[in-house]
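Structural features, examined
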Amino acid sequence: MPVSWFFSNFISMKKIFLLLFVSCSIVCSMYAQDTKDTASNHEKVTDTLKPYQKYPTLPAFNIRMMDSSTIFNTYNIPAGKKTMIVFFSPDCKHCQSQIRHLTKSMDSLENVQFYLITPVHSMTELREFYAKYHLADYKNIQVVGRDYEFFFGTFYGIKVVPDLVLYDEHKKLIKLFEGNTAISELYRYTHQ
């Protein structure tokens, strides 16, 4: 075998190896970038989720009852029935409208236990609201009280009131309704 043949084949093989090396480097680099982008996108999505979306089980938080001394913790909400937490303000016209529609339709929502909470400091306003809408007359309104630790607004990322949050019989999130919600919409989710 002539030496010139050996060197020409050696140089060709060297070029092939170099080409393979460069190709592998490019592919590995593209894969690493794709993996980095996917992880970065996952982190962005996770960062934009609100706490209730990350933790879809009914959270435990405190509600000060209308007697101003009793504290009810949502951990004590019994399983077995759908639960609707209604976040409202007694002086809000939209909230008043929502409560009027809810109370008129309580018979069709009898499979739901309601917990009405407000961030408003005035227990007098809360008691007046309770009396005005005859909330004691409805057996499925379990609690009316004050979110004195302002948990609800932060956890659910509230921007407007009223807001309604529906959980299933196992305390798993079904849906957050932002703003006034039609009873037909509530009925659809509470009877599925």
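Just above, that's the structure.
Here goes a summary of the coordinates provided. (Residues numbered from 1 in each chain as written. Predicted model: local features only at pLDDT ≥ 70, side-chain atom pairs only at ≥ 80, totals over all residues. Heavy atoms only, no water.)

1. Some remarks on the nonpolar core
Within soluble globular proteins, side chains that are nonpolar tend to cluster in buried spots. Counting residues in hydrophobic clusters, the biggest one holds 26 residues, and the most contacted among them are Met-84, Val-86, Ile-99, Leu-102, Phe-114, Leu-116 and Leu-135. Every element with two or more residues in this core is listed here: strand E3 (82-87), helix H3 (93-104), strand E4 (112-118), helix H4 (123-132), strand E5 (141-146), strand E6 (163-167) and helix H6 (183-190). With residues near it in sequence (within four places) discarded, Leu-102 still touches Val-86, Leu-109, Phe-114, Leu-164, Ile-183 and Leu-186. If you look at the next biggest cluster of nonpolar residues, it comprises 19 residues, including Leu-58, Ile-63, Phe-72 and Ile-117. (Core = buried A, V, L, I, M, F, W, Y, C linked by side-chain atoms within 4.5 Å. Buried < 20%, exposed > 50% of the residue type's maximum accessible area, 1.4 Å probe, protein only. Helix = DSSP H or I, 4+ residues; strand = E, 2+ residues; numbered from the N terminus. Contact = heavy atoms within 4.5 Å.)

2. Quick look at H3
Helix length check: H3, at 12 residues, gives a terminal C-alpha distance of 17 Å against a target of 16 Å (1.5 Å per residue), a fit within 8%. Where H3 is concerned, the buried positions are Cys-95, Gln-96, Ser-97, Gln-98, Ile-99, Leu-102 and Thr-103. Against the buried residues of H3 lie E3, E4, H4, E6 and H6. (Expected span 1.5 Å × (residues − 1).)

3. Some remarks on the pattern of salt bridges
Under the defined criterion, the tally for this structure stands at two salt bridges. As a salt-bridge pair, Glu-169 and Lys-82 come within 3.2 Å of each other at their nearest N and O atoms. Highlighted residues: Glu-169 in the loop between E6 and strand E7 (173-178) and Lys-82 in strand E3, separated in sequence by 87 residues. The salt bridge partner of Arg-188 is Glu-185, with a shortest N-O separation of 3.2 Å. Here Glu-185 and Arg-188 lie together in helix H6, a separation of three residues that amounts to about one turn. (Salt bridge = Lys/Arg side-chain N within 4 Å of Asp/Glu carboxyl O.)

4. What about a positive patch on the surface?
Judged by side-chain charge, Lys-93, Arg-100, Lys-104 and Lys-132 come together as a positively charged surface patch. Here the element with the most residues in the positive patch is H3; it accounts for three residues. Examined against the element boundaries, Lys-93 turns out to sit in helix H3. (Patch = residues over 30% accessible without salt bridge, like charges linked within 9 Å, V, L, I, M, F, W, Y side chains within 5 Å. Areas by Shrake-Rupley, 256 points an atom, 1.4 Å probe, with all protein chains shown as cover. Lys, Arg positive; Asp, Glu negative; His and termini not counted. Charge placed at Lys NZ, Arg CZ, Asp CG, Glu CD.)

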